[in-house]
Each structure stands twice: as C-alpha cells, then as structure tokens.
Amino acid sequence: DRHRRTKGGVKYWESEFEAGRASESQIEDARTMLNEQELALARVQRDYLNTLADFVSWIGEDPVMDNFR
C-alpha cells in the first residue's frame, strides 16, 4: 500500500543520510510526502465515518439517538 511504501521511503532516506549519501532536504521531502499521505488518509477516514453516521441516522438506527428516546 502507498502509505507503507512512503514510510519505507522515509526510513530509506534517513539511512542514506546517515551513510552520507543523501541530504537533509531529501529526508524532509520524504517526510513531507508522508505527512501529506497521512493527512489524505485521515480525510478519507473522516469522510467514511461521516457518511456512515448520516446513513445510520437516516435509517433510524443511530445508537447515540437511542439515549434520547
């Protein structure tokens, strides 16, 4: 999966930096890409949960609303 590969890329560039074969900017670029991936993943999860909440509310099976009935 893309997120796992991006995390691996950060580790790769960190090890290359430690070996003197990469610059700090390459590590920062990899970390920026990872942060963007994690943000995109969080947005997808948020959208899914909002859609699920809308659906269970629409069909009247919202467990939170059961406390008010």
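In short, a report on the structure. (Residues numbered from 1 in each chain as written. Predicted model: local features only at pLDDT ≥ 70, side-chain atom pairs only at ≥ 80, totals over all residues. Heavy atoms only, no water.)

## Regarding the overall build of the protein chain
Scanning the protein chain for helices and strands turns up two helices and zero strands. Scaling as 2.2 N^0.38, a compact globule of 69 residues should have a C-alpha radius of gyration of about 11 Å, whereas the protein chain reaches 20 Å, well beyond that. Across its three principal directions, the C-alpha atoms of the protein chain cover 65 × 20 × 15 Å. Within the protein chain, the fraction of its 69 residues that count as buried is 14%. Element-wise, carbon and sulfur atoms account for 54% of the exposed surface of the protein chain, whose accessible area totals about 5,800 Å². Side chains of the protein chain carry 10 positive and 14 negative charges; the gap between the two charge centres is 4 Å. (Helix = DSSP H or I, 4+ residues; strand = E, 2+ residues; numbered from the N terminus. Rg over C-alpha atoms; globule rule 2.2 N^0.38 Å. Buried < 20%, exposed > 50% of the residue type's maximum accessible area, 1.4 Å probe, protein only. Areas by Shrake-Rupley, 256 points an atom, 1.4 Å probe, with all protein chains shown as cover. Lys, Arg positive; Asp, Glu negative; His and termini not counted. Charge placed at Lys NZ, Arg CZ, Asp CG, Glu CD.)

## Observations concerning the pattern of salt bridges
Per the stated rule, a full pass over the model turns up five salt bridges. Residues R31 and E28 are paired through a salt bridge, measuring 3.2 Å at the closest nitrogen-oxygen approach. With R31 and E28 both in helix α2 (residues 24-58) and three residues apart, the pair spans about one turn of that helix. For E28, a relative accessible area of 40% corresponds to the partly exposed category. Connected through shared salt-bridge partners, E14, E28 and R31 make up one network. (Salt bridge = Lys/Arg side-chain N within 4 Å of Asp/Glu carboxyl O.)

## Remarks on the packing of aromatic side chains
Evaluation of the coordinates by the stated rule reveals two aromatic pairs. Relative to W13, the ring of Y12 has its centre 5.0 Å away and its plane inclined at 75°; by these criteria the two rings are edge-to-face. The partly exposed category is assigned to W13, whose relative accessible area is 26%. (Phe/Tyr/Trp six-rings, centres within 6.5 Å; stacked < 30°, edge-to-face > 60°.)

These results come straight from atomic positions and should not be treated as a statement about function.
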